[in-house]
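Okay, here's what each chain looks like letter by letter:
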Amino acid sequence: MENQTEEPLIVRDFLARQRTKLANDRTLLSYVRTSLYFVVSGTALIKVNDLENVKDLGYLSFLISIVLLVLGFINFFRLKKKLQKGNYEKM
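The following paragraphs examine the structure supplied in this document. Quantities reported herein were computed from a predicted structural model and do not represent experimental measurements.

**Regarding the overall build of the protein**
Phase 1: Looking only at helices and strands, the protein has 2 helices and 0 strands in total.
Phase 2: Counting across all 91 residues of the protein, residues that qualify as buried make up 18%.
Phase 3: In the protein, 57% of the contacts between residues at least 6 apart in sequence involve partners at least 24 apart.
Phase 4: Accessible area for the protein stands at about 7,400 Å²; split by element, carbon and sulfur atoms hold 62% of it.

Right, here's the structure in full:
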C-alpha cells in the first residue's frame, strides 16, 4: 500500500464524510431497534400459556435478537475503522 498523507478536505468531501458517519450511526440504531422488537415479541410469545409450541418461537426470537445485535455492532465498528483509516471509498 502506498503511504499517503491525508490532504485537507474541501467542504463537499468533508460533508460527505460526515454524512457517512451519521449514516453508520443510524444503521447501528436500526439494528438495536430491530433487536429490541425481537426481544419484545419473544417475551410475548414465551408468556403465552395456552400454546406450548409457541414458546419455541419465543426462544428463537431471543436468538435472532442477539444475532442482530452482534451483527449491528460488528458492522458499526468495521465501518468506523474504515472511515478512520480514510479508505471509506473502497467499501
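And the narrative resumes.
**Focus on a nonpolar patch on the surface**
Phase 1: The grouping of Leu57, Leu60, Leu63, Ile64, Val67 and Leu71 at the surface amounts to a nonpolar patch, some 510 Å² of accessible area in total.
Phase 2: Here Ile64 lies in helix H2 (residues 54-85).
Phase 3: According to the relative accessible area criterion, Ile64 is partly exposed, its value standing at 31%.

**Here's the deal with the packing of aromatic side chains**
Phase 1: The full count for this structure, using the stated rule, is 2 aromatic pairs.
Phase 2: Ring geometry for Phe73 versus Phe77: centroids 6.3 Å apart, planes at 20°, classification stacked. Taken as a pair, Phe73 and Phe77 lie in helix H2 at a separation of 4 residues, close to a single helical turn.
Phase 3: The class of Phe77 is partly exposed, set by a relative accessible area of 47%.
Phase 4: By way of ring pairs, the aromatic residues Phe73, Phe76 and Phe77 are connected into one cluster.

**What about the side chain of Asn24?**
Phase 1: By secondary structure assignment, the location of Asn24 is in helix H1 (residues 11-47).
Phase 2: We classify Asn24 as buried; its relative accessible area is 5%.
Phase 3: Once you skip the residues sitting within four places of it in the chain, Asn24 turns out to touch Asn75, Phe76, Leu79 and Lys80.

**Things to note about the pattern of salt bridges**
Phase 1: For the coordinates displayed, the defined rule picks out 1 salt bridge.
Phase 2: Between Asp13 and Arg12 there is a salt bridge, with its nearest N and O atoms 3.9 Å apart.
Phase 3: Classification of Arg12 as exposed rests on a relative accessible area of 60%.

**Quick notes on H1**
Phase 1: Spanning 37 residues, H1 covers 54 Å between terminal C-alpha atoms, matching the ideal 54 Å at 1.5 Å per step.
Phase 2: Looking only at H1, the buried set comprises Arg17, Asn24, Leu28, Ser35, Gly42 and Ile46.
Phase 3: Buried residues in H1 make contact with H2.

**Some words on H2**
Phase 1: Helix length check: H2, at 32 residues, gives a terminal C-alpha distance of 47 Å against a target of 46 Å (1.5 Å per residue), a fit within 8%.
Phase 2: The complete set of buried residues in H2 reads Val54, Gly58, Ser61, Ser65, Leu68, Gly72, Phe76, Leu79 and Leu83.
Phase 3: Buried residues belonging to H2 abut H1.
Phase 4: Just past H2, the residue Gly86 takes up positive phi, approximately 95°.

Thresholds applied
- Residues numbered from 1 in each chain as written.
- Predicted model: local features only at pLDDT ≥ 70, side-chain atom pairs only at ≥ 80, totals over all residues.
- Heavy atoms only, no water.
- Helix = DSSP H or I, 4+ residues; strand = E, 2+ residues; numbered from the N terminus.
- Buried < 20%, exposed > 50% of the residue type's maximum accessible area, 1.4 Å probe, protein only.
- Contact = heavy atoms within 4.5 Å.
- Areas by Shrake-Rupley, 256 points an atom, 1.4 Å probe, with all protein chains shown as cover.
- Patch = residues over 30% accessible without salt bridge, like charges linked within 9 Å, V, L, I, M, F, W, Y side chains within 5 Å.
- Salt bridge = Lys/Arg side-chain N within 4 Å of Asp/Glu carboxyl O.
- Phe/Tyr/Trp six-rings, centres within 6.5 Å; stacked < 30°, edge-to-face > 60°.
- Expected span 1.5 Å × (residues − 1).

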